[in-house]
Amino acid sequence: MTKTFHTLDDVNVKGKRVLLRVDLNVPMEGGRVTDATRLERVAPTITELSDKGGKVILLAHFGRPKGRDPKDSLKPVAEALSKVIKKPVAFADDCIGEVAAKAVGAMKDGDILCLENTRFHKEEEKNDAGFVAELARLGDIWVNDAFSAAHRAHASTEGLGHKLPAYAGRTMQAELDALEKALEAPTKPVVAIIGGAKVSTKIDLLENLVTKVDALVIGGGMANTFLHAQGIAVGKSLAEKDLAATALRILEKANAANCAIILPVDAVVASQFAANAPSHAYGLDAIPADGMILDVGPQSTARIHAAIDDAATLVWNGPLGAFELTPFDRGTVVSAKHAAARTRAKKLISVAGGGDTVAALNQAGVAGDFSYVSTAGGAFLEWMEGKPLPGVEVLKKR
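The sections below set out a description of the structure shown in this document. (Residues numbered from 1 in each chain as written. Predicted model: local features only at pLDDT ≥ 70, side-chain atom pairs only at ≥ 80, totals over all residues. Heavy atoms only, no water.)

## Quick word on the overall build of the protein chain
Defined as follows: Comment: elements are numbered from the N terminus, with helices defined as DSSP H or I runs of at least four residues and strands as E runs of at least two. It is over C-alpha atoms that the radius of gyration is taken, and the globule rule equals 2.2 Å times the number of residues to the power 0.38. When accessible area is computed with a 1.4 Å probe and restricted to protein chains, residues below 20% of their type maximum are described as buried, those above 50% as exposed, and intermediate ones as partly exposed. Any two residues whose heavy atoms approach within 4.5 Å are treated as being in contact. Each accessible area value is a Shrake-Rupley result obtained with a 1.4 Å probe; residue values ignore everything except the protein chains displayed when judging cover. Charged-residue counts in this description rest on Lys and Arg as positive and Asp and Glu as negative, His and the chain ends being excluded. Where a charge lies is defined by one atom per residue type: Lys uses NZ, Arg uses CZ, Asp uses CG and Glu uses CD.
Broken down by element type, the protein chain carries 14 helices and 17 strands. Against the 2.2 N^0.38 benchmark of 21 Å for 398 residues, the protein chain shows a C-alpha radius of gyration of 23 Å, consistent with a compact globule. Taken along its principal axes, the extent of the C-alpha atoms in the protein chain is 70 × 45 × 40 Å. Here the protein chain holds 398 residues, and the buried ones make up 56% of them. Considering only intrachain contacts with a sequence separation of at least 6, the fraction spanning at least 24 residues in the protein chain is 74%. By element, 51% of the accessible surface of the protein chain is carried by carbon and sulfur atoms, the whole surface being about 16500 Å². Here the protein chain contributes 47 positive and 48 negative side-chain charges, whose respective centroids are spaced 4 Å apart.

## Overview of the sheet that holds strand S13 (residues 279–283)
Each strand in a sheet pairs with its neighbour through backbone hydrogen bonds, running either in the same direction (parallel) or in the opposite one (antiparallel). To keep things clear, this is the line we draw: Whether two strands pair depends on DSSP finding at least two bridges between them. As a rule, the C-alpha atoms of each element are fitted with a line to give its axis, helices using only the stretch in contact, and angles between N-to-C directions run from 0 to 180 degrees.
Read across the sheet, three strands follow the order S13-S12-S14 without closing on themselves; strand pairing throughout is antiparallel. Lying at the two open borders of the sheet, with one neighbouring strand each, are S13 and strand S14 (292–296). On average, adjacent strands in this sheet sit at an angle of 40° to one another, irrespective of strand direction. Across five bridges, strand S12 (residues 266–270) lies against S13 in antiparallel orientation. Considered in S13, the bridge of Ala267 is made with Tyr282.

## Considering the sheet that holds strand S17 (residues 372–374)
What the six strands build is an open sheet, ordered S11-S10-S9-S15-S16-S17; its pairing is parallel. Of all the strands in the sheet, just strand S11 (260–262) and S17 have a single pairing partner and so form its edges. Between one strand axis and the next, the sheet turns through 15° on average, direction left out of account. Direction of pairing for strand S10 (residues 215–218) relative to S11: parallel, over a ladder of three bridges.

## Description of the nonpolar core
Note the cut-off: Among buried residues, the Ala, Val, Leu, Ile, Met, Phe, Trp, Tyr and Cys ones that are joined through side-chain atoms within 4.5 Å form a nonpolar core.
If you look at the biggest cluster of nonpolar residues, it comprises 74 residues, and the most contacted ones within it are Leu115, Phe147, Leu160, Leu209, Leu216 and Phe226. Among the elements that take part in this core, helix H6 (residues 170–184) stands out by supplying six residues, more than any other. With near-sequence residues (within four places) excluded, Leu115 lies in contact with Ile57, Leu58, Leu59, Leu74, Phe91, Ala92, Asp94, Cys95, Ala100 and Leu138. With 29 residues, the next largest nonpolar core counts Val11, Val42, Val89 and Tyr167 among its residues.

## Some words on the pairing of strand S7 (residues 141–144)
Of the two faces of S7, the one holding Ile141 and Val143 and the one holding Trp142 and Asn144 are both buried throughout. Examined bridge by bridge, strand S1 (residues 17–21) and S7 share four bridges and lie parallel to one another. Bridge pairing in S7 places Leu20 opposite Val143. Where S7 and strand S8 (residues 166–168) come together, three bridges link them in parallel fashion. From the neighbouring strand, Trp142 faces S8, where its bridge partner is Ala166.

## Structural notes on the environment of Glu385
Here Glu385 lies in the loop between helix H13 (377–384) and helix H14 (390–393). Taking C-alpha positions, Glu385 is 7.8 Å from Glu207, a pair spaced 178 residues apart along the chain. Each residue touching Glu385, except ones within four places of it in the same chain, is listed here: Asp204, Leu205 and Asn208.

## A look at unusual backbone geometry
With an omega of 0°, the peptide bond between Lys188 and Pro189 qualifies as cis. Assignment of secondary structure puts Pro189 in the loop between H6 and strand S9 (190–194). At the junction of Thr326 and Pro327, the peptide bond is cis and its omega measures out at 0° in the coordinates. Inspection of the secondary structure assignment puts Pro327 in the loop between strand S15 (313–317) and helix H11 (330–344). Even without being glycine, Lys86 reaches a positive phi, approximately 55°. Topologically, Lys86 is positioned in the loop between helix H2 (75–85) and strand S5 (90–92). What makes Lys86 exposed here is its relative accessible area of 72%. One non-glycine residue, Asn127, adopts positive backbone phi at about 55°. Here Asn127 lies in the loop between helix H4 (123–126) and helix H5 (129–136). For Asn127, a relative accessible area of 22% corresponds to the partly exposed category.

Shown next as structure tokens:
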């Protein structure tokens, strides 16, 4: 896929001012970064540009500030990044104006500079032409390495691509290559596992996937909505009963597209939503009226494993049960381990993404065994829904 984009292989950055859009929106507590995953992801691009003699100017947002707010400053993030890449990262107190221009002007080849939070200016999210022009003055080329923000048409994520020569960074390149292997030009058969609490948040996703995959496993709370739509009593389980017609429409669309839908055939049920609550596996014809479905049952798990065994490509978004509570994480964990073992054996290309999904794979200890794990929540979902992403579209060769 990246053949349709300019990448870092297509440019000599020596002596050039490189405006590099990265994702530094990391979790923090007490002024310290608590999870450096996103910093580690962008490190290769930053290091490569620096080593090749580019002047690396980092653009990023942090949080959702309404104007300038010290608690949303990127300064402590820049310090943490410096430790990750083992190179000094200078910091400028603004991303435009005299402060930024002076800091950029003082750079030598190979230097790295982080500019302050782009969202301190409301014009960033409005993709304001004047603001884009101010940012563009600071650079010679623009490199986008923030796939996670690619679904937003903001000044630093999309606008700059119309003003400066545009390239995909290494993280963006890896993400686009992985996504092409998953859905655009996959090795078939393709199986998708979609879980999570609600159908309402994933209607577009399900409707797109049934036209793209050979089999679709539906788990988590959203499976209960499909079971209810088919007249199965789900007790006190989480279910969006008002979406029964939507669920039936998705099932019809899947049938027309020759996509097999794999729903639970049994379930682990408890009377309360709590860790280690007494639970029991029931067939779907025997769910107690006061019971809550909190995980897929053993027969359902076996069916999911069989679907994974049949697949050449697996796309995964969302847990199969209440994975944050033991023992209701079992279905998710054992299925993730099964997919990881198939991937290690070179029998499966596995691509996963979404916040809960990444957490679940980490919990199972297998995130490193999947072919690719995307840390981009919203962008990953919108891509799976088949929607064009502004920050990707602007990178395409014209």
